[in-house]
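Structural overview
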Amino acid sequence: MTRPRRPDPPPMQTNDVRIAAAGAAAWAVAFVVLLIVGLPSEDRWWLWVCATGFASGMFGVWYVPRLQARRASQEAARAAQRKAGAEAKADKPAETAEHGRAD
């Protein structure tokens with residue numbers, strides 16, 4: 001006999017902006033290191049990889065707060081809808097009882 005499954009833990013709260021900023025900083029450090037070390041001409045494309053990684057990280061720093069705000073507002077709207085739906089269901093039997101009908 002198997003044990004009943006435990007409920008899933010709540011999601012971890014993380015600072016996603018800090019994570020994106022750390023990634024961008026790591027790419028910037030890599031870029032500087034490659035500039036100091038010096039690369040042969042056939043390996044200069046690594047500089048573009050670092051620049052693209054930095055740009056992606058900075059985009060994440062800009063975008064993540066907007067994404068989180070939009071998700072929070074959508075969740076609030078869904079919660080308000082659920083609350084309104086629950087109140088409407090709670091009011092429905094009372095209204096039908098007034099009219100002499102029952103569901």
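In the block above lies the structure referred to throughout.
What comes next is a walk through the structure. (Residues numbered from 1 in each chain as written. Predicted model: local features only at pLDDT ≥ 70, side-chain atom pairs only at ≥ 80, totals over all residues. Heavy atoms only, no water.)

**As for the overall build of the protein**
A count of helical and extended segments in the protein gives 2 helices and 0 strands. A separation of at least 24 residues holds for 48% of the contacts in the protein among residues at least 6 apart in sequence. Accessible surface computed for the protein: about 8,900 Å², of which carbon and sulfur atoms make up 63%. (Helix = DSSP H or I, 4+ residues; strand = E, 2+ residues; numbered from the N terminus. Contact = heavy atoms within 4.5 Å. Areas by Shrake-Rupley, 256 points an atom, 1.4 Å probe, with all protein chains shown as cover.)

**A short note on helix 1 (residues 16-37)**
With 22 residues, helix 1 extends 32 Å between its outermost C-alpha atoms, agreeing within 8% with the 32 Å of an ideal straight helix rising 1.5 Å per residue. Immediately downstream of helix 1, the backbone of Gly38 shows phi near 85°, a positive value. (Expected span 1.5 Å × (residues − 1).)

**With respect to the packing of aromatic side chains**
Here the structure, examined in full by the defined rule, presents 4 aromatic pairs. Every member of this aromatic cluster is reached through a ring pair, and the members are Phe59, Trp62 and Tyr63. (Phe/Tyr/Trp six-rings, centres within 6.5 Å; stacked < 30°, edge-to-face > 60°.)

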